[in-house]
Amino acid sequence: MRIGETFAAEIWKIAAVRLSGMVSENLYEQWIANLKPLYLDDACLVLGVANDFLGEWVESSYGSQIAEALCGIAGADYTYRLEQLPEEDIAETEPAADNVSSVADVQESAAASPAVAVAASSPVASPAAAGDDMLLDSSNLRSVTVNGKYTFENFVVGEENRYAYTAARRAAENPGVFNPLYIYGNTGIGKTHLLHAVVHETQKNNPRLVVRYATCEEILNSFVESLQSHRYGAFRSQLRDVDMLLVDDIHVLGSKGQLQEQFFNAFNALYSENKQIILTSDKRPAEIAGLEARLISRFEQGVTTEIYAPGFEVRLAILRNMQRDFTFQFSEEILEFIALRVSSNVRRLRGALMQLLTRVSIDRKTPLTLERVESILHNVFEEEFTSKLITVDDIQKRVAEYFNLRISDLLSNKRPKSIAEPRMVAMYLARKLTDSSFPQIGSAFGRNHATIMNAWTKVPELCEKDEELRRAVAVLERQLKG
Ligand code: ADP
Ligand code: MG
């Protein structure tokens, strides 16, 4: 037994419960349930995966959820990384991992596909898996890797994302031209992909440039750590001693006063030296609640561009590209069917194809009609449907109405149960019924992501004991789904 094995299993148990609430049951069984806690490497939980391919998929699709689920367990924020399971362990986990072996099976003769990297957010000390790029060599920001597949070459361009793509490319080829570059848009439509692509491109053109990529959440964690450990200088240097700074999901800065101060200073220092800054967000600077005016004006002083969900042709091209990695090929008709039905989120689109592949590889005999595709992907289509209709604002309004409260009560800090419980219900439903992430919902409620995560686990627990609350949640969910 390796050191930390038992504890690793305990931590994973807690995280797995959280994850089971974060992704649909189906997807949980398919992907998350197949990860195996191996051991702890300091605060990094090492999870075993059956193969690199599966690792890449899990990381790119569920990486942020896994990271979220590992936050705040037993008073610590664990990170994770994926490692390929030794052969004997794969055999051992096979019964439970039916789906995995099927995916591997589908993959088996995909000789043309390059070795995929097990990209993971891991502490600096751990070696990056082959194919990943070590980026944050001298810092203690956690994310040291970028996804090897998120390149400009792998990004399908259409009218909806052309401007963002071109601007990112120009910034990579000619740092400082558009400064800062601010890309905003809905979730799952390529913002992170573009940032990683800038990293790859810059490293290719000019390997000596120090390029720092981090999510705003990671910067926040690093800031908090630096305050606790009094290593403030190191934190400062992470943001400033760079030639290019790329920050993903900058809206997380909203309402984080101290960090805004730090970021403002770093921004000014980099900007005055014409060092390229690229930011992504789910909204315009002026729409980020709790963002100081001076930062809004800094963020808006360069190029601000919106990226939109890609149109049908692009979605179809994305599916075709994905297929290139597999031996099993779907008909054009099926690809078109999926591209038509899943239009708002490329992450979901890719997930749909993966889900179909898995199912088909288990049962190759039944003919794959559109009806069968419809039934296999039923949950994905439903998710797509509700996510388009329901916004966090709607949810806040409905919940307030239902419990006879004002929206301002829901957003307040008031603690009586009659307000705190409806507030948690609203947070819970926001996560369940929209595409928004924990940090995004947090900003809509003026809270941090941990509060939303807490509501996410707490509400089902409360419902177990409280018949009335259970009914309220069910009624609201039905009403909202219209
Ligand atoms: P965001 O950061 O906007 O939430 P991501 O960049 O994480 O979205 O994209 C979600 C998934 O969709 C990723 O796997 C990404 O590679 C893929 N994707 C998004 N847009 C495109 C595109 N235009 N071409 C190819 N893949 C895309
Ligand atoms: Mg992103």
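Once a new chain begins, its residue numbering starts again from 1 and follows that chain's sequence as written. Note on labels: chains are lettered from A, ligands numbered from 1, in written order. Per-residue local features of the predicted model are confined to residues with pLDDT of at least 70, and side-chain atom pairs are confined, for both listing and counting, to 80 or more; whole-chain, interface and lining totals are unaffected and use all residues. By convention in this description, side-chain values take in all heavy atoms of the structure and omit both hydrogens and water.

Caption draft 1: Here's a closer look at the site of ligand 1. Taken together, 17 residues surround ligand 1, and among them Val156, Gly188, Lys191, Thr192 and His193 come closest. We define a polar contact as two N or O atoms separated by no more than 3.5 Å, with the added condition that, inside protein, one atom must be a possible hydrogen donor and the other a possible acceptor, whereas residues neighbouring each other in sequence contribute only through side-chain atom pairs. The backbone of Gly188 places a nitrogen or oxygen atom 2.6 Å from an oxygen atom of ligand 1. For ligand 1, an oxygen atom lies 3.2 Å from a polar atom in the backbone of Ile189. Reported accessibility uses the Shrake-Rupley method at a 1.4 Å probe radius. Residues are deemed covered only where the shown protein chains occlude them. Against a free-state accessible area of 560 Å², the protein chains account for coverage of 95% of ligand 1. Elements with a minimum of two residues in the shell around ligand 1: helix H7 (191-205) and helix H14 (346-362). Here a residue is considered near a molecule or strand provided that any single heavy atom belonging to it is located within 4 Å of it. By the criteria applied, helices consist of DSSP H or I runs no shorter than four residues and strands consist of E runs no shorter than two, each listed in order from the N terminus.

Caption draft 2: Up close: the packing of aromatic side chains. Note on ring pairs: Phe, Tyr and Trp rings are taken, using the six-membered ring of Trp, and paired if centres are within 6.5 Å. Classes follow the plane angle, with under 30 degrees stacked, over 60 edge-to-face and the rest tilted. Tallied over the full model, the rule gives 13 aromatic pairs. Ring centres 6.3 Å apart and planes at 50 degrees place the aromatic pair Tyr182 and Tyr184 in the tilted group. Accessibility assignment for this pair places Tyr182 and Tyr184 in one class, buried. Here a set of aromatic residues connected by ring pairs shows up, and it is made of Tyr182, Tyr184, Phe263, Phe267, Tyr271 and Phe299. Sitting over the ring of Phe381, Arg341 keeps its end group 4.2 Å from the ring centre. Taking the ring centre of Phe438 as reference, the NZ or CZ of Arg431 above it sits at 4.3 Å. The classification of residues rests on relative accessible area computed with a 1.4 Å probe and restricted to protein chains. Under 20% of the type maximum is buried, over 50% is exposed, and intermediate values are partly exposed. Definition used: whenever NZ (Lys) or CZ (Arg) falls within 6 Å of the ring centre and also within 35 degrees of the ring normal, the charge is taken to sit over that ring.

Caption draft 3: Seen up close, the layout of surface pockets. Grid points spaced at 1 Å and placed over the protein atoms alone form the basis of the search, with a cavity being a set where a 1.4 Å probe fits but cannot get out and a pocket an open set showing protein on both sides within 12 Å along at least five of seven lines. Lining residues have an atom within 4 Å of a point. Grid points are joined across faces, edges and corners, and a volume is the space filled by probe spheres set on the points. Size it by volume and the second largest pocket reaches roughly 690 Å³. Mapped by element, the contributors of at least two residues to the lining of the second largest pocket are helix H16 (378-389), helix H17 (392-402) and helix H20 (438-445). Looking at the lining of the second largest pocket, the element that brings in the most residues is H20, giving four residues. Gly is put with the polar residues, along with every residue not named as nonpolar or charged; the nonpolar set is Ala, Val, Leu, Ile, Met, Phe, Trp, Tyr, Cys and Pro, and the charged set is Asp, Glu, Lys and Arg. The class makeup of the residues in the lining of the second largest pocket is nine nonpolar, ten polar and six charged. The source of the domain bounds is an automatic or database domain assignment. Mapping the lining of the second largest pocket onto the domain boundaries places at least three of its residues in each of domain 2 (116-306) and domain 4 (392-481).

Caption draft 4: Examining helix H22 (residues 467-481) more closely. To estimate the expected span of a helix, subtract one from its residue number and multiply by 1.5 Å. With 15 residues, H22 ought to run about 21 Å at 1.5 Å a step, and its terminal C-alpha atoms sit 21 Å apart, in line with that. Every buried residue of H22 is listed here: Leu469, Ala472, Val473, Leu476, Glu477 and Leu480. Down the axis of H22, the buried set is contained in an arc of 125 degrees. They therefore lie on one face. Relative to its buried face, H22 has exposed residues pointing more than 90 degrees away, namely Glu468 and Arg478. In what follows, residue pairs with any heavy atoms lying within 4.5 Å of each other are defined as contacts. Buried residues along H22 sit against H17, helix H19 (417-433) and helix H21 (449-465). N-capping of H22 is provided by Asp466, with a side-chain oxygen placed 3.0 Å from the backbone N of Glu468. Working note: the arc is built from the helix axis to C-beta atom directions.

Caption draft 5: Representation of the sheet that holds strand E3 (residues 79-84) within the structure. Read from one edge of the open sheet, three strands run E1-E2-E3, paired in mixed fashion. Taken across any chain shown, the strands that pair with only one partner, and hence form the sheet edges, are strand E1 (36-41) and E3. Sheet twist, expressed as the mean angle between neighbouring strand axes with direction ignored, is 30 degrees. Here, any two strands with at least 2 DSSP bridges between them count as paired. Sheet topology places E1 next to strand E2 (residues 44-49); five bridges connect them, and they run antiparallel. Only the stretch in contact is used when a helix axis is fitted, and all axes are lines through C-alpha atoms; the angle between N-to-C directions ranges over 0 to 180 degrees.

Caption draft 6: Spotlight on the packing of helix H12 (residues 312-323) against H14. Two numbers describe how H12 lies on H14: the axes approach to 10 Å, and their chain directions differ by 45 degrees. Comparing the axis directions of H12 and H14 gives the class oblique. Once H12 is placed against H14, the crossing between them reads as right-handed. Counting all contacts with H12, which are made through Arg315, Ile318, Leu319, Met322 and Gln323, the residues of H14 involved are Val346, Leu349, Arg350, Leu353 and Met354. The class makeup of the residues in the contact of H12 with H14 is seven nonpolar, one polar and two charged. In these notes the angle categories are as follows: under 35 degrees is roughly parallel, over 145 is roughly antiparallel, 65 to 115 is roughly perpendicular, and the rest is oblique. In a left-handed crossing the near helix is turned counterclockwise from the far helix by less than a right angle, and in a right-handed crossing that turn is clockwise.

Caption draft 7: Representation of the nonpolar core. Buried residues of nine kinds, namely Ala, Val, Leu, Ile, Met, Phe, Trp, Tyr and Cys, make up a nonpolar core once their side-chain atoms join them within 4.5 Å. Trp12, Ile66, Ile338 and Leu429 are the most contacted members of the largest nonpolar core, which has 87 residues in total. At nine residues, the largest contribution of residues to this core is made by H19. If sequence neighbours within four positions are ignored, Ile66 has contacts with Trp12, Leu19, Ile32, Leu35, Leu47, Val58 and Tyr80. Counting residues in hydrophobic clusters, the runner-up holds 28 residues, among them Ala214, Val252, Leu259 and Ile288.

Caption draft 8: Spotlight on unusual backbone geometry. Between Asn179 and Pro180 the backbone carries a cis peptide bond, its omega angle lying at -10 degrees. Structurally, Pro180 is set in the loop between helix H6 (162-173) and strand E4 (181-184). Although it is not a glycine, Asp42 adopts a positive phi angle of roughly 50 degrees. With respect to the helices, strands and loops of the structure, Asp42 is situated in the loop between E1 and E2. Residue Asp42 is classed as exposed on the basis of its relative accessible area, which comes to 73%. You will see that Asn274, though not glycine, has its phi angle at about 55 degrees, which is positive. Note on placement: Asn274 falls in the loop between helix H10 (257-272) and strand E7 (276-281).

Caption draft 9: The sheet that holds E7, seen in detail. What the five strands build is an open sheet, ordered E5-E6-E7-E4-E8; its pairing is parallel. The open sheet has two edge strands, strand E5 (211-215) and strand E8 (303-306), and neither has a second partner. Recorded for the sheet is a direction-independent mean angle of 10 degrees between the axes of neighbouring strands. One ladder, built from four bridges, connects strand E6 (residues 244-248) with E7; its direction is parallel. Within the sheet, the bridge partner assigned to Leu245 lies in E7 and is Ile277. Across the face of the sheet, H10 comes into contact with E6 and E7 while running at roughly 140 degrees to E7.

Caption draft 10: Local environment of the environment of Trp12. By secondary structure assignment, the location of Trp12 is in helix H1 (residues 5-22). Each C-alpha atom, one on Trp12 and one on Ile73, is 9.5 Å from the other, the two residues being 61 residues apart in sequence. Setting aside residues no more than four positions away along its own chain, Trp12 makes contact with Leu19, Ile32, Leu35, Pro37, Leu45, Leu47 and Ile66.

Caption draft 11: Representation of H19 within the structure. Along its 17 residues, H19 runs 24 Å from first to last C-alpha, staying within 8% of the 24 Å computed at 1.5 Å per residue. Among the 17 residues in H19, 13 count as buried, and that is most of the element.

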